[in-house]
Amino acid sequence: MIRIALTFFFVFNLSSCAELQQVVNQLPQGGVSQTEIAAGLRQALDFGIDKQVTKLTQTDGFYKNELVKILLPEELHKVDKALRDIGLGKLADEGLKLLNRAAEDAVKEATPIFVDAVKDITFADAKNILLGDDDAATQYLTSKTQNALYDKFHPVINNSFKKVGADDIWTNLINKYNTIPFTANVNPDLTDYVTGEALKGVYTMIAIEEKEIRHQLASRTTDLLRKVFALQD
């Protein structure tokens, strides 16, 4: 019992990440096991996915969330301004809203990919995550899922444009803009743009949950989370 208490005393007081890593490696029986550390990180990510990513799938999950709201790509700023100047502000607003609707629709496809990535977290991964930056778990998840999510999101975004009517709205908007005298024609790849922005939004929200668990005791809602994240306090 004394050995365990002394071990945790040093864990809470060592400032060097290398020293902290060594202590975690040598935790005695009855402390926090390797299995528990990995399970705690999986649980934290699962909570982030369940709590935060699910919000994005709701109506206005992107559109009314200023942290992740998808704005127009730079090449369309001039389109937006020009259309508003000729009295088509409502149409421009609807076009922006539908970009976000497509993202909300696509994010529903993300959860199975995330779940598979979380299951694969090893103890070596978990140690690096636990002792890493505030968004270390999110960075890990990004590295493991970004390519797969892009491949999944891109066709869904494309279909979502048709589903929510964004393709018709934006074809109309861009065609109207291209008929304005003295403007250069535009034809941006909105599917690729919205896919990228949707991915950024997903990882942003997971990072928020991770940071809360790391820094707010009240967010550690299970014994496992409290036990594991005490190591990095």
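The subject of this paragraph is helix α5 (residues 89–106). Spanning 18 residues, α5 covers 26 Å between terminal C-alpha atoms, matching the ideal 26 Å at 1.5 Å per step. With 14 of 18 residues buried, α5 is to be regarded as a mostly interior element.

Moving on: helix α7 (residues 123–130). Considered for burial, the residues of α7 that qualify are F123, A126, K127, I129 and L130. The arc that holds every buried residue of α7, seen down its axis, measures 165°, which confines them to one face.

Tracing the sequence through the fold places A230 in the segment after α11 (223–229). Between the alpha carbons of A230 and L217 there is a distance of 9.1 Å; along the sequence they are 13 residues apart.

Let's shift gears to the side chain of D60. Position of D60 among the secondary structure elements: in the loop between α3 (34–56) and α4 (74–85). In this structure, D60 is in contact with N65, R101 and E104, ignoring residues within four places of it in sequence.

Evaluation of the coordinates by the stated rule reveals 13 salt bridges. A salt bridge links D60 to R101, with the shortest nitrogen-to-oxygen separation between them at 2.9 Å. Here R101 lies in helix α5 and D60 lies in the loop between α3 and α4, a separation of 41 residues in the sequence. Exposure class is identical for D60 and R101. Each is buried. Notably, a salt bridge pairs K81 with D85, separated by 3.0 Å at the nearest N-O pair. On the criterion of helical spacing, the pair formed by K81 and D85 is a turn pair, its members being four residues apart in helix α4. Accessibility assignment for this pair places K81 and D85 in one class, exposed. Residues participating in the shared-partner salt-bridge network are D60, K64, R101 and E104.

Taken as a whole and assessed by the stated rule, the structure comprises one aromatic pair. On the numbers, 6.1 Å between centres and 75° between planes, the contact of F114 with Y203 is edge-to-face. In this pair, F114 sits in helix α6 (residues 111–119) while Y203 sits in helix α10 (residues 190–215), placing the two residues 89 residues apart along the sequence. The two residues F114 and Y203 agree in class, both being buried. One cation-aromatic arrangement involves K69 over Y63; the distance from NZ or CZ to the ring centre is 4.6 Å.

Residues shown with low pLDDT carry predicted positions that ought not to be read at fine detail. Here the protein shows a mean pLDDT of 80. Residues at 70 or above account for 86%. Taken together, the stretch residues 1–21 has pLDDT below 50 and engages in 24 contacts with residues farther than four places along the chain or on a different chain. Long-range and interchain partners of residues 26–30, a stretch whose pLDDT sits below 50, account for nine contacts in this model, where long-range means more than four residues apart.

Parameters and conventions
- Residues numbered from 1 in each chain as written.
- Predicted model: local features only at pLDDT ≥ 70, side-chain atom pairs only at ≥ 80, totals over all residues.
- Heavy atoms only, no water.
- Helix = DSSP H or I, 4+ residues; strand = E, 2+ residues; numbered from the N terminus.
- Expected span 1.5 Å × (residues − 1).
- Buried < 20%, exposed > 50% of the residue type's maximum accessible area, 1.4 Å probe, protein only.
- Arc of directions from axis to C-beta.
- Contact = heavy atoms within 4.5 Å.
- Salt bridge = Lys/Arg side-chain N within 4 Å of Asp/Glu carboxyl O.
- Phe/Tyr/Trp six-rings, centres within 6.5 Å; stacked < 30°, edge-to-face > 60°.
- Lys NZ or Arg CZ within 6 Å of the ring centre and 35° of its normal.
- pLDDT = per-residue confidence, 0-100.

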